[in-house]
Amino acid sequence: QVHLVESGGGLVQAGGSLRLSCEVSGQHRRIDAMGWYRQAPGVRRELVASITSGGMMHLADSVRGRFTIDRDNAKNTAYLQMNRLKPGDTGVYYCTAQVYVSDDDPLSYWGQGTQVTVSS
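Given the structure is predicted, the values throughout are model-derived calculations rather than measurements. (Residues numbered from 1 in each chain as written. Predicted model: local features only at pLDDT ≥ 70, side-chain atom pairs only at ≥ 80, totals over all residues. Heavy atoms only, no water.)

(A) The nonpolar core, seen in detail. Within the largest apolar cluster, 29 residues are counted, with the highest numbers of intra-cluster contacts made by Met34, Leu80, Met82 and Tyr93. Put simply, the parts of the chain that give this core at least two residues each are strand E3 (18–25), strand E4 (30–39), strand E5 (46–51), strand E7 (67–72), strand E8 (77–82), strand E9 (91–100) and strand E11 (114–119). The residues touching Met82, leaving out its near neighbours within four places in the chain, are Gly16, Ser17, Leu18, Leu20, Arg66, Phe67, Tyr93 and Val116. (Core = buried A, V, L, I, M, F, W, Y, C linked by side-chain atoms within 4.5 Å. Buried < 20%, exposed > 50% of the residue type's maximum accessible area, 1.4 Å probe, protein only. Helix = DSSP H or I, 4+ residues; strand = E, 2+ residues; numbered from the N terminus. Contact = heavy atoms within 4.5 Å.)

This is the structure in structure tokens:
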């Protein structure tokens, strides 16, 4: 059974930084793309950043220049470094990963979410 375990959320003042981690655990063949979504109250879940197994990154316009995403394939872990945080970055951040558990198509897995709160 594959699980995504997130860590690193918390409360920070505007202008501060946080680093989120997401580790894929459980038996699997390989991990394809990984990414982070966030959801604020009353707002649709939105993609913040994603990274392929080869390291190709995508960042939402709202976070480009402030956030970076990277991964350590040996540790099955992706990271979201968030700098110059703004109150508008507040929300629950969810990690997602496309995981091959067999030779069939990859399955999508989600973490439990971690709260990020940025105070003004």
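(B) How the structure looks around the state of the cysteines. Counting across every chain of the model gives 1 disulfide. In this model Cys22 forms its disulfide with Cys95; the gap between the sulfur atoms is 2.0 Å. In this structure, the disulfide formed by Cys22 and Cys95 twists by about -80° around the S-S bond and is classed as left-handed. Taken together, the positions of Cys22 in strand E3 and Cys95 in strand E9 put the pair 73 residues apart, joining distant regions of the chain. Among the residues examined, Cys95 registers a relative accessible area of 0% and is labelled buried. (Disulfide = S-S within 2.5 Å.)

(C) How the structure looks around the environment of Val12. For Val12, the position within the fold is in strand E2 (residues 10–13). Considering only alpha carbons, one finds Val12 and Gln81, 69 residues apart in sequence, at a separation of 13 Å. Residue contacts for Val12: discarding those within four places in its chain leaves Ser17, Leu18, Leu85, Thr117, Val118 and Ser119.

(D) Main features of the environment of Asp70. With respect to the secondary-structure elements, Asp70 resides in strand E7. In this structure the C-alpha to C-alpha distance between Asp70 and Gly55, which are 15 residues apart in sequence, comes to 7.3 Å. Once residues lying within four places of it in the same chain are set aside, the contact partners of Asp70 are Arg19, Ile51, Ala78 and Tyr79.

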